Amino acid sequence: GINAEYGGLKTPARKMKPALSIPIPKNFKKLEPTHLARILKEDRANLVVLDVRDVDYGGGRIAGSLHYPFEEFETKAKEVASQYKDKKYIVFNCMYGQLRSPNCALSLIKELTNDSNVYVLAGGFNSFLRMYHSDPDLVEGFDRQFYDDSFYHVNDTNVVSVRN
């Protein structure tokens, strides 16, 4: 078409503006204790649980979980990424799921090209323990002496942690 604005010349072909590229920060997802329990029972081969508790580690853990103390995780993130990147579920837990496990999940994500399989256990081990402490298929090594009546760990006061 003729366009008067261009002195009677054909309108120049419109250049497509490149779509605005805003990097979306990679992030973990929350996994509810009930969902983790179902995966442990039905799809354990596709799961790795990384427990990043420290002095509050004693007295029980999620069945089959691997212990990577929070203070050491940063130095092991690259190794963990290469070892478990193909798992469908990489689940982090600390005691409450508020500080240590999210921190470690983000450290791992920096080492991965795909973050879709990284989760933090919602409510942490504390929530999981309250629900499943009597199920040995879900909780290993449970020792009641480590917990008060509200399931707070005896070493809880020594830990950088956030109760919800």
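Cut-off values and rules
- Residues numbered from 1 in each chain as written.
- Predicted model: local features only at pLDDT ≥ 70, side-chain atom pairs only at ≥ 80, totals over all residues.
- Heavy atoms only, no water.
- Helix = DSSP H or I, 4+ residues; strand = E, 2+ residues; numbered from the N terminus.
- Buried < 20%, exposed > 50% of the residue type's maximum accessible area, 1.4 Å probe, protein only.
- Contact = heavy atoms within 4.5 Å.
- Pairing = 2+ DSSP bridges.
- Salt bridge = Lys/Arg side-chain N within 4 Å of Asp/Glu carboxyl O.
- Phe/Tyr/Trp six-rings, centres within 6.5 Å; stacked < 30°, edge-to-face > 60°.
- Lys NZ or Arg CZ within 6 Å of the ring centre and 35° of its normal.

Draft legend 1. Structural context of the overall build of the chain. Helices and strands together make up the secondary structure of the chain, namely 4 helices and 7 strands. The order of helices and strands in the chain, counted from the N terminus, is β-α-β-β-β-α-β-α-β-α-β. Within the chain, the proportion of its 164 residues that are buried is 42%. Contacts in the chain between residues at least 24 apart in sequence constitute 67% of all its contacts with a sequence separation of at least 6.

Draft legend 2. Examining the pairing of strand 2 (residues 47-51) more closely. Taken across its 5 residues, strand 2 has 5 buried, putting it largely inside the fold. Neither face of strand 2 is open: one carries L47, V49 and D51, the other V48 and L50, and all of them are buried. Looking at chain direction, strand 2 and strand 5 (residues 89-93) are connected through 5 bridges and run parallel. Across the sheet, residue L50 finds its bridge partner in strand 5, namely F92. Of the strand pairs in this sheet, strand 2 and strand 4 (residues 66-67) are connected by 2 bridges, and their pairing is parallel. Each bridged residue has a counterpart across the sheet, and for D51 the counterpart in strand 4 is H67.

Draft legend 3. The arrangement of unusual backbone geometry in detail. If you check the backbone angles, F151 has positive phi at about 65 degrees while not being a glycine. Tracing the backbone through its elements, the reader meets F151 in the segment after strand 7 (139-140).

Draft legend 4. Structural detail: helix 4 (residues 124-132). For helix 4, the full list of buried residues reads G124, F125, N126, F128, L129 and Y132. For helix 4, the secondary structure elements touched by its buried residues are helix 1 (33-42), strand 3 (61-62), strand 5, strand 6 (118-121) and strand 7.

Draft legend 5. Spatial organisation of the pattern of salt bridges. Applying the stated rule across the entire model yields 8 salt bridges. Its salt-bridge partner being D51, residue R53 comes within 2.8 Å of it at the nearest N-O pair. The exposure class of R53 is buried, given its relative accessible area of 0%. Its relative accessible area of 0% is what places D51 among the buried residues.

Draft legend 6. The sheet that holds strand 2, seen in detail. One open sheet accounts for 5 strands, arranged 1-6-5-2-4; its pairing is parallel. Both outer strands of the open sheet, strand 1 (29-31) and strand 4, are each paired with one neighbouring strand and no more. Pairing of strand 5 with strand 6, which is carried by 3 bridges, proceeds in the parallel orientation. From the neighbouring strand, F92 faces strand 6, where its bridge partner is V120.

Draft legend 7. A look at the packing of aromatic side chains. Inspection of every chain in the model, using the stated rule, returns 8 aromatic pairs. Considering the side-chain rings of Y89 and Y119, the 5.7 Å spacing of their centres and the 40 degrees angle between planes classify their relative orientation as tilted. Highlighted residues: Y89 in strand 5 and Y119 in strand 6, separated in sequence by 30 residues. This pair shows no difference in class: Y89 is buried, exactly as Y119 is. Centroid distance Y147 to F151: 6.4 Å. Interplanar angle 45 degrees. Geometry classified as tilted. Neither Y147 nor F151 differs from the other in exposure class; each is buried. Aromatic ring contacts, followed pair by pair, group Y68, F73 and F92 into a single cluster. Seen from the ring of F125, R53 lies directly overhead, with NZ or CZ sitting 4.2 Å from the centre. In this structure, R144 packs its charged tip against the face of F151, placed 4.3 Å from the ring centre.

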